[in-house]
Amino acid sequence: MKSIQVTDLTKKFGGETILNNINFSSRPGEIISIIGSSGKGKSTFLRCLAGLETIDSGSIEIRGKFLVRGGIYAPKKEQADILSNIGFVFQNFNLFNNLTVKENIEVPLKNKKICSKEELNAKSQHLIDKFKLTGRENFYPKNLSGGQKQRAAIARALILKPKILLFDEPTSALDKELTEEISQIIKKLAEENYTIIVVTHQMEFAAKISDVILRLKNKNFYEEKNSII
Amino acid sequence: MKCKSIKSLLLIFLMFLSFNSVCFASDKTEIVVGLDVNLPPMGFIDPSGNVAGFDIDLAKEVFRGMNKNVKFQPIDWDSKELELDSGNIDVICNGLSKTPEREKTMLLTKPYMKNKQVVITKKDSPINTLSDLENKNICVQKGSTGSQALRKHEISKNLNSIVELENMVECLNEVDSKISDGAVVDEIIARYYLKKESLHNKFKILNEEISSEYYVIAVKKGNENLKNKIEEQLNLLSDNKKAAQISEKWFSENIFFRPEEANIENADNISQNKNVFPLFINGLSNTLVLFIIVIIASLPLGFLICLGRIYGCKFIKLSIGLYINIMRGTPLLLQLLFIFYGLPYVPFIGNYISFKDRFLAGTVAFILNYAAYFAEIFRGGVLSVDKGQIEACKVLGFSKIQALYKILIPQIFKVVLPSICNETVTLVKDTSLIYSIGVVELLSNTKNIVNSTANVFPYIIAGLIYFLACYFVTWIFRKFEKSISF
Ligand SMILES: Nc1ncnc2c1ncn2[C@@H]1O[C@H](COP(=O)(O)OP(=O)(O)OP(=O)(O)O)[C@@H](O)[C@H]1O
Ligand SMILES: [Mg+2]
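Description of the structure in this document. (Residues numbered from 1 in each chain as written. Chains lettered and ligands numbered in written order. Predicted model: local features only at pLDDT ≥ 70, side-chain atom pairs only at ≥ 80, totals over all residues. Heavy atoms only, no water.)

## Some thoughts on the overall build of chain B
Thinking step 1. A tally of regular secondary structure across chain B gives 18 helices and 12 strands.
Thinking step 2. Looking at chain B residue by residue over its 486 residues, the buried ones come to 49%.
Thinking step 3. Residue pairs at least 24 apart in sequence account for 77% of intrachain contacts in chain B once pairs closer than 6 positions are excluded.
Thinking step 4. With the model as given, the accessible surface of chain B reaches about 24,100 Å², and the carbon-plus-sulfur share is 60%. (Helix = DSSP H or I, 4+ residues; strand = E, 2+ residues; numbered from the N terminus. Buried < 20%, exposed > 50% of the residue type's maximum accessible area, 1.4 Å probe, protein only. Contact = heavy atoms within 4.5 Å. Areas by Shrake-Rupley, 256 points an atom, 1.4 Å probe, with all protein chains shown as cover.)

Below is the structure:
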């Protein structure tokens, strides 16, 4: 089963077409990298999938349900339901400045009011341990290092157990060692059957983690030969 | 060297000061006469822009006789004692009634005219005698003889309220628009005014008087020389019938009398409450209540307005924009005056939205004004929040309310705190403006105390209270700021 199926997606800003008739699909457990030079529309594509941008025509189907069909969006309630399958890790993390690491991780789940305090605590503690944030639980974002912010952002994206994870330039702020660490994390998540889409500038990083590499040029995707695999 | 020159400068300055205070007005060639220009027919600005009036003509004649030039200086009637004391003016000759208080703070001539304090009502009013005034609302000119006389009179105990306004014309306007049931005014002034404005069929004057008194001319305490010369001139003007001519010009009869013949059956002994403490506390509590209500109401209102301006539909955005521009583009004083005095005259809606209660009207004006400023501060705060924070809320499935309440408001709050603090400190000081619609508050009551005691110390106390209040507000906000750890 396809986790994401995009058909004939077109996105314009003002009069300018950024993405033209894009077709794209992904399966659970698959890691897809999107590369391409700056300003080509990589982030825009991810934002369309996450519902942060409105597309002009085409369809987006997520786990069998249409977010947009032929340019027409599903009703608001349904959209929210469909988008809950998607976790987004922003390039600049966008951690909530007024919340601590622990609060940042907990708040999306807390909002749903579906689990007890103890459960919530157990879940966030698990993620804190998993992403090596122990000892930093009560820090505010401004007091975290780039790598810590990165991991906190991933942990926050995972608390709602989405099936699909979108990463926008996850390694741009990181050194070699931390890049390696993120690679491991992403690979592990794929093994846990997450669908992973990564936008990146770093060809080497893309080659190392991806099953498929797509290059965005001329407003469309072209598959790139993976020379490492 | 430097030190020496400063010392000598200081010395010159001190000499200048002492010279000024020993140099009494009678030695000068120009005499400055202070007057309340809202006091026709005694003194006012005529249609061509010149000061005119009975007392003006009288003063001109008096000082012509003394070979002095006269300059007429409009003053705030409340501060006449201070004006005289500081030498800003030399003489008050402007329907000034003789009272024991004034005898203590100024040097008064013998009387030249008799006047009564009377009650004026609308022609169709059911009030015909003083006893009909029970439970009614009466207005008086602030600091006037009428004000003191009314408070002294036993009828004042049965009144519903006494309101002090800036001048008699304002009092008559209030009676006309039925905000007040009656006003206590000088008979001479009121009769002249009614005749001149052809208002006889609008108002009536009750037969019973509140008090009677004598008009005198005042000079600075200690300046016997000038006082004697003025009295001499007044007698002279009486002898050569000049005074009678002036009187006939203004009142169509001669009501001037020769000061030397003034046989004073001591005018009603009007005395003010000497214990000024309750007056002070009363003003302070009004100021405090106003401040607290305004700050509590205008902050949330400002926030709502700000949300409307950013997220509302086009119509809401435009109307809020207009509202904010009006509030920020016009003086708060004007807004206060408009909301209390102006609203009843707005066609169609005037009858429904006018305020009967001064304090309420003032509070509403303050809230509307401050909400506009707070809305703009909040807008700045909202715009300063990174767009990424809102996008994160969106992808993490926050509802609009959750995003606002858990993420945006705390971050906005942090950004706006210093500006809100600033504005709140301004409010502490702005509260004094409510005096303009006749509500007593800390500063105006202090001014009343200063004027009745001719002692400026209460100003220092009031200043200290404002200062401490501002300091306290700033301190609270600093605490808040420190408590925000992100
Ligand atoms: N909200 C917007 N309004 C108008 N134009 C936009 C908007 N957002 C992005 N664009 C334009 O769309 C194009 C693609 O932007 P996008 O951010 O997707 O590029 P990118 O491929 O992610 O670049 P980079 O590698 O530098 O992050 C750019 O030319 C940008 O100017
Ligand atoms: Mg980008």
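Moving on, there is more to tell.
## What about the packing of helix α12 (residues 332-342) of chain B against helix α14 (residues 358-384) of chain B?
Residue and element names in this part refer to chain B.
Thinking step 1. Interhelical geometry of α12 versus α14 gives an angle of 135° and a closest axis separation of 9 Å. Judged by the inter-axis angle, α12 sits oblique to α14. Crossing handedness for the pair α12 and α14: right-handed. Across from Leu 332, Gln 335, Leu 336, Ile 339, Phe 340 and Tyr 341 in α12, the residues of α14 making contact are Arg 358, Ala 361, Gly 362, Ala 365, Phe 366, Leu 368, Asn 369 and Tyr 370.
Thinking step 2. Partitioned by chemical class, the residues of the contact of α12 with α14 number 10 nonpolar, three polar and one charged. (Axes fitted to C-alpha atoms, helices over the stretch in contact; angles between N-to-C directions. Parallel < 35°, antiparallel > 145°, perpendicular 65-115°, else oblique. Left-handed = near helix turned anticlockwise from the far one by under 90°. Nonpolar A, V, L, I, M, F, W, Y, C, P; charged D, E, K, R; others polar.)

## With respect to the sheet that holds strand β3 (residues 43-45) of chain B
All names here are of chain B.
Thinking step 1. With respect to topology, three strands assemble into an open sheet ordered β2-β3-β4, the strand pairing being antiparallel. Lying at the two open borders of the sheet, with one neighbouring strand each, are β2 (38-39) and β4 (51-52).
Thinking step 2. In terms of strand pairing, β2 meets β3 through two bridges, oriented antiparallel. Looking across to β3, one finds that Asn 38 is bridged to Phe 44. (Pairing = 2+ DSSP bridges.)

## A closer look at α12(B)
Thinking step 1. Listed in full, the buried residues belonging to α12(B) are B:Leu332, B:Gln335, B:Leu336, B:Ile339, B:Phe340, B:Tyr341 and B:Gly342.
Thinking step 2. Next to the buried residues of α12(B) lie β10 (161-165), α6 (168-176), α11 (314-329), α14 and α16 (400-430) of chain B.

## Digging into the packing of aromatic side chains
Aromatic ring pairs are reported here in terms of the distance separating the ring centres and the angle at which the planes meet.
Thinking step 1. Tallied over the entire structure, the rule returns 19 aromatic pairs over all chains.
Thinking step 2. Between A:Phe88 and A:Phe90 the ring centres are 4.6 Å apart and the planes differ by 40°, which places this aromatic pair in the tilted class. Per residue, the accessibility class of A:Phe88 equals that of A:Phe90, and both read buried.
Thinking step 3. Between B:Phe366 and B:Tyr370, the aromatic rings sit 6.5 Å apart at their centres with planes inclined by 15°, giving stacked as the arrangement. A residue pair is termed a helical-turn pair when its members lie 3 or 4 positions apart in one helix, as B:Phe366 and B:Tyr370 do in helix α14 at four residues.
Thinking step 4. In this structure B:Phe366 comes out as buried when scored by relative accessible area, which is 0%. (Phe/Tyr/Trp six-rings, centres within 6.5 Å; stacked < 30°, edge-to-face > 60°.)

## Let's talk about the pairing of strand β3 (residues 31-35) of chain A
All names here are of chain A.
Thinking step 1. Counting buried positions along β3 gives five out of five residues, so the element sits mostly inside the fold.
Thinking step 2. Every second residue of β3 is oriented toward a common face, with Ile 31, Ser 33 and Ile 35 on one face and Ile 32 and Ile 34 on the other, all of them buried.
Thinking step 3. Sheet analysis places β3 next to strand β9 (residues 195-199), joined by four bridges and oriented parallel. From the neighbouring strand, Ile 32 faces β9, where its bridge partner is Ile 197.

## Quick notes on the nonpolar core
Thinking step 1. Counting 108 residues, the largest nonpolar core has B:Met42, B:Phe54, B:Phe63, B:Val91, B:Tyr112, B:Ile230 and B:Phe366 as the members making the most contacts within it.
Thinking step 2. Considering each element in turn, this core owes the most residues, 12 residues, to α14(B).
Thinking step 3. For B:Phe366, the residues in contact, after removing those within four places along its chain, are B:Leu290, B:Val294, B:Leu332, B:Leu336, B:Leu427, B:Asp430, B:Thr431, B:Leu433 and B:Ile434.
Thinking step 4. If you look at the next biggest cluster of nonpolar residues, it comprises 43 residues, including A:Phe24, A:Ile164, B:Ala392 and B:Cys393. (Core = buried A, V, L, I, M, F, W, Y, C linked by side-chain atoms within 4.5 Å.)

## Quick word on the sheet that holds β3(A)
The pairing of strands in a sheet happens through backbone hydrogen bonds and is either parallel or antiparallel.
All names here are of chain A.
Thinking step 1. A sheet is described by the order of its strands in space; here six strands give the open sequence β7-β8-β9-β3-β10-β11, paired in mixed fashion. Two strands in the sheet have a free side with no partner beyond their single neighbour: β7 (86-89) and β11 (220-224). With strand direction ignored, the average angle separating the axes of adjacent strands in the sheet is 20°.
Thinking step 2. Against the sheet, helix α6 (residues 176-191) makes contact with β3, β8 (164-168) and β9, and its axis sits at roughly 150° relative to β9, the strand it touches most.

## Focus: the interface of chain B and chain A
Thinking step 1. Each partner contributes to the interface: chain B provides 19 residues, whereas chain A provides 23 residues.
Thinking step 2. Summed over both sides, the interface between chain B and chain A buries roughly 1,800 Å², with carbon and sulfur atoms accounting for 53% of that surface.
Thinking step 3. On the chain B side of the interface with chain A, the three residues burying the most area are B:Val395, B:Leu396 and B:Phe486, jointly 34% of the side's total.
Thinking step 4. Taken together, the links from chain B to chain A amount to one salt bridge.
Thinking step 5. Notably, a salt bridge pairs B:Glu391 with A:Arg47, separated by 2.5 Å at the nearest N-O pair.
Thinking step 6. On inspection of chain B and its partner chain A, the count reaches 10 residue pairs in polar contact (both at pLDDT 80 or more).
Thinking step 7. Looking at the side of chain B that touches chain A, the elements with two or more residues in it are α15 (387-395) and α16 of chain B.
Thinking step 8. At eight residues, α15(B) tops the list of elements feeding residues into the side of chain B that touches chain A.
Thinking step 9. Of the residues that constitute the side of chain B that touches chain A, the class distribution is eight nonpolar, six polar and five charged. (Buried area = accessible area lost by both parts, 1.4 Å probe. Salt bridge = Lys/Arg side-chain N within 4 Å of Asp/Glu carboxyl O. Polar contact = N/O pair within 3.5 Å; in protein donor to acceptor, adjacent residues only side chain to side chain.)

## A closer look at the site of ligand 1
Residue and element names in this part refer to chain A.
Thinking step 1. The full set of residues close to ligand 1 is Phe 13, Ile 18, Ser 38, Gly 39, Lys 40, Gly 41, Lys 42, Ser 43, Thr 44, Glu 169 and His 201.
Thinking step 2. In the model, an oxygen atom of ligand 1 is placed 3.2 Å from a nitrogen or oxygen of the Lys 40 main chain.
Thinking step 3. In the environment of ligand 1, an oxygen atom lies 2.9 Å from a nitrogen or oxygen atom belonging to the backbone of Gly 41.
Thinking step 4. Isolated, ligand 1 exposes 630 Å² of accessible area, and the fraction of that covered by the protein chains is 60%.
Thinking step 5. With three residues, helix α1 (residues 42-49) is the largest single contributor of residues to the shell around ligand 1.
Thinking step 6. Among the residues forming the shell around ligand 1, the class breakdown is two nonpolar, six polar and three charged. (Near = heavy atom within 4 Å.)

## Re a nonpolar patch on the surface
Thinking step 1. On the surface, B:Phe413, B:Leu464, B:Phe467, B:Leu468, B:Tyr471, B:Phe472, B:Trp475, B:Ile476 and B:Phe480 cluster together to form a nonpolar patch covering roughly 950 Å² of accessible area.
Thinking step 2. Counting through the fold element by element, B:Ile476 comes out in helix α18 (residues 457-483). (Patch = residues over 30% accessible without salt bridge, like charges linked within 9 Å, V, L, I, M, F, W, Y side chains within 5 Å.)

## Considerations on a positive patch on the surface
Residue and element names in this part refer to chain A.
Thinking step 1. Together, Arg 63, Lys 65, Lys 123, Lys 161 and Lys 163 give the surface a local cluster of positive charge.
Thinking step 2. Here Lys 65 lies in strand β5 (residues 65-69).
Thinking step 3. Residue classification places Lys 65 among the partly exposed positions, given a relative accessible area of 46%. (Lys, Arg positive; Asp, Glu negative; His and termini not counted. Charge placed at Lys NZ, Arg CZ, Asp CG, Glu CD.)

## Here we look at the packing of helix α10 (residues 277-311) of chain B against helix α17 (residues 442-453) of chain B
Packed helices, taken two at a time, are described by their axes: the angle between them and the distance between them.
Residues and elements named next belong to chain B.
Thinking step 1. The geometry of α10 relative to α17 is characterised by a closest axis approach of 7 Å and an angle of 160° between their N-to-C directions. Here α10 is positioned roughly antiparallel relative to α17, judged by the angle of their axes. Here α10 and α17 pass one another in a crossing that is right-handed. Here Leu 279, Phe 280, Asn 282, Gly 283, Leu 284 and Thr 287 of α10 lie close against α17, whose contacting residues are Leu 442, Asn 445, Thr 446 and Ile 449.
Thinking step 2. Across the contact of α10 with α17, the residue classes tally to five nonpolar, five polar and no charged.

All quantities given are derived from atomic positions and should not be read as evidence of function.
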